[in-house]
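Observations on the three-dimensional arrangement
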Amino acid sequence: MHAARRIFASFPETIQVVSQIGRPDDGTDTGGFGNTEYFVDLKPKDQWRPVFHEDKDALIAAMNREILMLPGASWNFSQPIEDNVGETVTGTKGQLALKIYGYDLAMLEQKGEEVIAIMKTIPGITDVKLYRDIGQPNLNFTIDRQQAARFGVNVVDIQDAIETAVGGKAVSQVLPPGSPERYDVVVRYQEQYRKDKKAIANIRLVSPSGERVSLAQLTKIDVRDGAYDIYREGNSRYLSVTFNVRGRDLNSSVEQAMSEMNQKVKFPPGYRYEWSGEYESAKRASARLAVIVPLTVLIIFIILYTMFRSAKWALLILGVVSMAPIGGLLALYLTGTHFSVSSGIGFLALFGVSVQTGVIMLEYINQLRAKGHSVVEAAVEGAVLRLRPIMMTSLVATFGLVPAALSHAIGSDSQRPFAIVIVGGLVAALLMGIILLPTLYVWIARDGDVLPQPEGSLEHEV
């Protein structure tokens with residue numbers, strides 16, 4: 001523990017290191033009594049060394065390389081709140097978890113080792129760790145019934161002797177005066193007579209003939225690996241493989257792992273596995289977005305159709321709006337930001353602003369045509385005169401979200417993808433609304449188009 005604290009504290013980016021051994025008594029932590037957590041308090045990112053360039057993942061990778069030199073421990077890096085949320089979602093310590101269900105602990109561990117060998121070869125997957133059930137040495141007693149019959153000792157007496165000498169047995173109770181509490185009086189051997197295998201094997205029983213017989217004469221004693229912890233969920237034993245994803249998007253990393261596991265790992269009948277954690281949450285959110293996005297587009301189409309009384313104009317605006325996400329996707333690519341639920345919600349918000357831009361442009365062009373202008377004249381003049389209001393609408397939202405798009409402070413991991421999508425998308429929507437929409441308008445416009453009633457002279461409107 002002290003060695004680990006010294007390694008973390010050796011980084012100049014660290015302010016202090018606080019360690020916690022075991023788990024809290026309230027039972028809210030999924031870790032066992034052998035669990036140790038380290039809280040590494042970091043300086044502001046602008047005070048980090050240039051080698052990390054304010055990149056937390058690079059700092060974590062450097063710490064991980066140093067800490068792996070300590071043998072006998074598995075390490076996982078997380079944020080305090082993220083760690084608590086992950087424990088609540090997966091029941092384990094990790095951003096993501098693969099749970100293997102079955103009944104044989106040895107088989108579960110074997111399959112877990114196969115999964116780990118695959119996980120470590122997949123780019124982006126880090127901190128792979130197997131929550132082992134096996135690893136606790138057990139002292140097993142196998143009663144030799146022939147020897148017990150030879151000495152006339154009952155099997156029950158042998159079991160009682162082991163229970164009483166090693167584990168302790170309640171022989172009475174203490175009732176404090178005036179209190180409803182009860183305390184067992186437990187009897188067992190002193191430590192020096194039960195501290196190891198040799199001492200326990202020398203425990204004596206008295207046979208009916210008065211002969212003192214040791215446990216070594218009545219039982220076969222051996223040490224075997226047993227279960228340290230047995231995790232259960234849904235009335236089934238399971239073993240979990242936890243891991244994190246860094247430097248790559250979540251979905252592609254997990255889907256590659258799933259593909260390779262299906263090809264290389266064969267599970268016996270009665271065994272199964274499930275993915276848990278952020279991937280499961282992301283899939284649920286994606287399923288919701290798969291319903292919300294088409295519904296949003298349908299509602300926008302209905303509103304546009306009601307406004308222009310023409311399906312052609314409504315589809316024209318939606319066609320231009322469908323191009324706006326190109327700017328958001330390009331912004332995600334240039335900034336190295338992976339697609340997430342936050343960025344998906346940003347695309348929904350981008351649709352609304354892009355529709356507003358299209359409505360402003362199309363309505364003005366139609367008004368010019370209703371006043372007697374030709375299609376080409378109306379499209380050109382509309383693009384020129386509507387540039388200022390469209391640009392003002394787009395730039396207000398863009399400049400308002402630029403600080404969030406550039407932020408790397410606490411909490412920015414969720415707001416930054418949202419802002420990046422809108423900023424990049426609005427820049428593209430501005431170009432689409434000024435250039436693409438008038439061009440498409442000239443291409444599809446016909447003499448019999450539905451046009452609004454003239455609202456007066458528009459030549460001097462800006």
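Residues numbered from 1 in each chain as written. Predicted model: local features only at pLDDT ≥ 70, side-chain atom pairs only at ≥ 80, totals over all residues. Heavy atoms only, no water.

**Regarding the overall build of the protein**
A count of helical and extended segments in the protein gives 16 helices and 13 strands. A burial count over the protein gives 39% of its 462 residues as buried. Across the protein, every contact between residues at least 6 apart in sequence was considered, and the portion connecting residues at least 24 apart equals 69%. Accessible surface, the protein as shown: approximately 25,900 Å² in total, 58% of it carbon and sulfur. (Helix = DSSP H or I, 4+ residues; strand = E, 2+ residues; numbered from the N terminus. Buried < 20%, exposed > 50% of the residue type's maximum accessible area, 1.4 Å probe, protein only. Contact = heavy atoms within 4.5 Å. Areas by Shrake-Rupley, 256 points an atom, 1.4 Å probe, with all protein chains shown as cover.)

**Details of the pattern of salt bridges**
For the structure on display, the rule yields 7 salt bridges. For R49, the salt bridge goes to E13, with nearest N and O atoms at 2.8 Å. One end of the pair, R49, is in the loop between strand 2 (36–42) and helix 2 (56–67); the other, E13, is in the loop between helix 1 (2–9) and strand 1 (14–21), with 36 residues separating them in the sequence. Judged by relative accessible area, which is 33%, R49 ranks as partly exposed. For the salt bridge of E114 with K111, the shortest nitrogen-to-oxygen distance reads 3.6 Å. With E114 and K111 both in helix 4 (residues 105–119) and 3 residues apart, this pair spans about one turn of that helix. We classify K111 as buried; its relative accessible area is 7%. (Salt bridge = Lys/Arg side-chain N within 4 Å of Asp/Glu carboxyl O.)

**Observations concerning the nonpolar core**
Counting residues in hydrophobic clusters, the biggest one holds 30 residues, and the most contacted among them are L304, F308, I317, M361, L362 and Y441. Counting residues per element, this core draws most heavily on helix 13 (residues 341–370), which supplies 9 residues. Residues I122, V128, L130 and M261 belong to the second largest nonpolar core, which totals 26 residues. (Core = buried A, V, L, I, M, F, W, Y, C linked by side-chain atoms within 4.5 Å.)

**Regarding the environment of V18**
Within the secondary structure, V18 is located in strand 1. Measuring from C-alpha to C-alpha, the distance between V18 and R5 comes to 7.8 Å, with 13 residues separating the pair along the chain. In this structure, V18 is in contact with E37, Y38 and F39, ignoring residues within four places of it in sequence.

**Digging into helix 6 (residues 155–167)**
Across its 13 residues, helix 6 extends 17 Å between first and last C-alpha, which sits within 8% of the 18 Å expected from 1.5 Å per residue. Regarding helix 6, the residues found buried are V155, I158, A161, I162 and A165. All buried residues of helix 6 lie within an arc of 125° about the axis, which places them on one face of the element. Just downstream of helix 6 lies G168, where phi reads positive at about 100°. (Expected span 1.5 Å × (residues − 1). Arc of directions from axis to C-beta.)

**Focus on the confidence of the model for the protein**
Low-pLDDT stretches of the model should not have their predicted coordinates read in fine detail. Across the protein, pLDDT averages 81, with 90% of residues at or above 70. Scored below 50 in pLDDT, residues 457–462 makes 11 contacts in the model with residues more than four places away or belonging to other chains. (pLDDT = per-residue confidence, 0-100.)

**Here's the deal with the side chain of S236**
Structurally, S236 is set in strand 12 (residues 236–245). If sequence neighbours within four positions are ignored, S236 has contacts with Y101, G102 and Y231.

**Topic: the packing of aromatic side chains**
The tally for this structure, following the rule as stated, stands at 9 aromatic pairs. With 6.3 Å between their ring centres and 90° between their planes, F8 and F77 make a pair best called edge-to-face. Highlighted residues: F8 in helix 1 and F77 in the loop between helix 2 and helix 3 (80–90), separated in sequence by 69 residues. A residue is classified by how much of its surface remains accessible, and F8, at 3% relative accessible area, is buried. F77 gets classed as buried once you look at its relative accessible area, which sits at 15%. Plain terms: the ring middles of F243 and W275 are 6.0 Å apart, the flat faces sit at 90° to each other, and that makes the pair edge-to-face. Residue F243 is found in strand 12, and its partner W275 is found in strand 13 (residues 272–277); the two are separated by 32 residues along the sequence. Each of the two residues, F243 as well as W275, counts as buried. Each member of the aromatic cluster is reached from another via a ring pair, and the members are F243, F267, Y273 and W275. In this structure, R272 is placed above the aromatic ring of Y101, and the distance from its NZ or CZ to the ring centre is 4.1 Å. Seen from the ring of W313, K312 lies directly overhead, with NZ or CZ sitting 5.1 Å from the centre. (Phe/Tyr/Trp six-rings, centres within 6.5 Å; stacked < 30°, edge-to-face > 60°. Lys NZ or Arg CZ within 6 Å of the ring centre and 35° of its normal.)

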